[in-house]
Amino acid sequence: MEGENVSFPNVFVLLDFSDHPWMEMSLFGVVFISYILTLIGNSSIILLTLVDPRLQTPMYFFLDNLSVLDLCVTTTIVPQLLVNLWETKKMIAYWSCITQAYLFHWTGCTERALLAVMAFDHYVAICRPLQYTLIMHPQMCVQLAAAAWSSGLANSLLQATLTLQPHRCGHHTLDHFFCEVPDLIKLACEDTTANDLSLAMGAIPFVLVAPFLVLVSYTFIARAVLKLPSAEGRRKAFSTCSSHVIVVIMHYGPAIYMYLQPPANST
């Protein structure tokens, strides 16, 4: 019983902003306003596509899925972040932390897969316009979205479950503002080679293959657009893809910056 309590603490301590207490109230305001705008914006997108028949197209179907993902990610992380920014004790309950790790890993992997699916949708729309309705029919769209969600779920169940196996020997302090699989692995007091290898292998489809497919799709799109005879046609094609390109940059940019930072010492 004692060993069980050591391996499974009642709470985890989150330290990411503890070195900058003077920033916490300002961050609370910024994060709170951003959270409300995110909820309103994504909910509005979902509602509009449901009530307007003109928006019930493959592009907006995938955009709906992306909005649902964005709502899931923000709802998973931001409420607990706001609590920790407001209070002096930066703690999260054990099962809340584990649930957060599962959900964040699931939504993160699913979003990467969905961005690749959306890039493929744009590729078909611009490079194969006469075959678009034959390829991107409703059943295909549902299958692609289901593949993105289920692949993210499968990887999350595997990685997060494996993360719970190593003993932590009482370590329960995370140098982060939410619970994430790699940070939980760092708390282990035994060899985590198997966890690290599983995490690396599981990340290949989402961290390497998915962005590679996005890059390939937009390479073909750029070639096709530049061959269009009219400037108006090129402008419409670029405007069709611009919002998705911005989302891709906003997703991968911060992620690349975060994970290229030198590792900090864990307690």
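That block above? That's the structure.
What comes next is a walk through the structure. (Residues numbered from 1 in each chain as written. Predicted model: local features only at pLDDT ≥ 70, side-chain atom pairs only at ≥ 80, totals over all residues. Heavy atoms only, no water.)

For the structure on display, the rule yields one salt bridge. Between Asp 52 and Arg 54 there is a salt bridge, with the nearest N and O atoms lying 3.1 Å from each other. Residue classification places Asp 52 among the buried residues on the basis of a relative accessible area of 18%. (Salt bridge = Lys/Arg side-chain N within 4 Å of Asp/Glu carboxyl O. Buried < 20%, exposed > 50% of the residue type's maximum accessible area, 1.4 Å probe, protein only.)

A word on the nonpolar core. Membership of the largest hydrophobic core comes to 32 residues, with the highest contact counts inside it found for Phe 62, Leu 114, Ile 126, Met 136, Val 214, Tyr 218 and Ile 221. Elements represented by at least two residues in this core include exactly helix 3 (58-86), helix 4 (94-127), helix 6 (138-163), helix 8 (193-226) and helix 9 (231-259). Of the residues forming this core, the biggest block, 12 residues, is contributed by helix 4. Discounting chain neighbours no more than four positions away, the residues touching Tyr 218 are Ala 119, His 122, Cys 241, His 244 and Val 245. Among the nonpolar cores identified, the runner-up in size contains 17 residues, and Phe 12, Leu 14, Tyr 94 and Cys 97 belong to it. (Core = buried A, V, L, I, M, F, W, Y, C linked by side-chain atoms within 4.5 Å. Helix = DSSP H or I, 4+ residues; strand = E, 2+ residues; numbered from the N terminus. Contact = heavy atoms within 4.5 Å.)

This next bit is on helix 4. Here helix 4 is 34 residues long and its end C-alpha atoms lie 49 Å apart, about the 50 Å a rise of 1.5 Å per residue gives. Within helix 4, 26 of the 34 residues are buried, leaving the element largely enclosed by the surrounding structure. (Expected span 1.5 Å × (residues − 1).)

Bringing the sheet that holds strand 1 (residues 11-14) into the picture now. With respect to topology, three strands assemble into an open sheet ordered 2-1-3, the strand pairing being mixed. Two strands lie at the open edges of the sheet, namely strand 2 (91-93) and strand 3 (173-174), each paired on one side alone. Pairing of strand 1 with strand 3 involves two bridges; the strand directions are parallel. Looking at the pairing, Val 13 lines up with Thr 173 of strand 3. Sitting on the sheet, helix 4 touches strand 1, strand 2 and strand 3, and the angle it makes with strand 2 is about 85°. (Pairing = 2+ DSSP bridges. Axes fitted to C-alpha atoms, helices over the stretch in contact; angles between N-to-C directions.)

In this section: the pairing of strand 1. Of the strand pairs in this sheet, strand 1 and strand 2 are connected by three bridges, and their pairing is antiparallel. Residue Val 11 lies in a different strand from strand 2, and its bridge partner there is Ala 93.

On to the packing of aromatic side chains, then. Aromatic rings considered in pairs are described by the distance between their centres and by the relative angle of their planes. For the coordinates displayed, the defined rule picks out 10 aromatic pairs. For the pair Phe 28 and Trp 86, a centre-to-centre distance of 5.1 Å together with 50° between the ring planes defines the contact as tilted. Of this pair, Phe 28 sits in helix 2 (residues 24-51) while Trp 86 is found in helix 3, placing the two residues 58 residues apart along the sequence. Since its relative accessible area comes to 56%, Trp 86 is described here as exposed. Considering the side-chain rings of Phe 61 and Phe 62, the 5.4 Å spacing of their centres and the 65° angle between planes classify their relative orientation as edge-to-face. For Phe 61, a relative accessible area of 28% gives the class partly exposed. Grouped by ring-pair contacts, the aromatic residues Phe 12, Tyr 94 and Trp 95 constitute a single cluster. (Phe/Tyr/Trp six-rings, centres within 6.5 Å; stacked < 30°, edge-to-face > 60°.)

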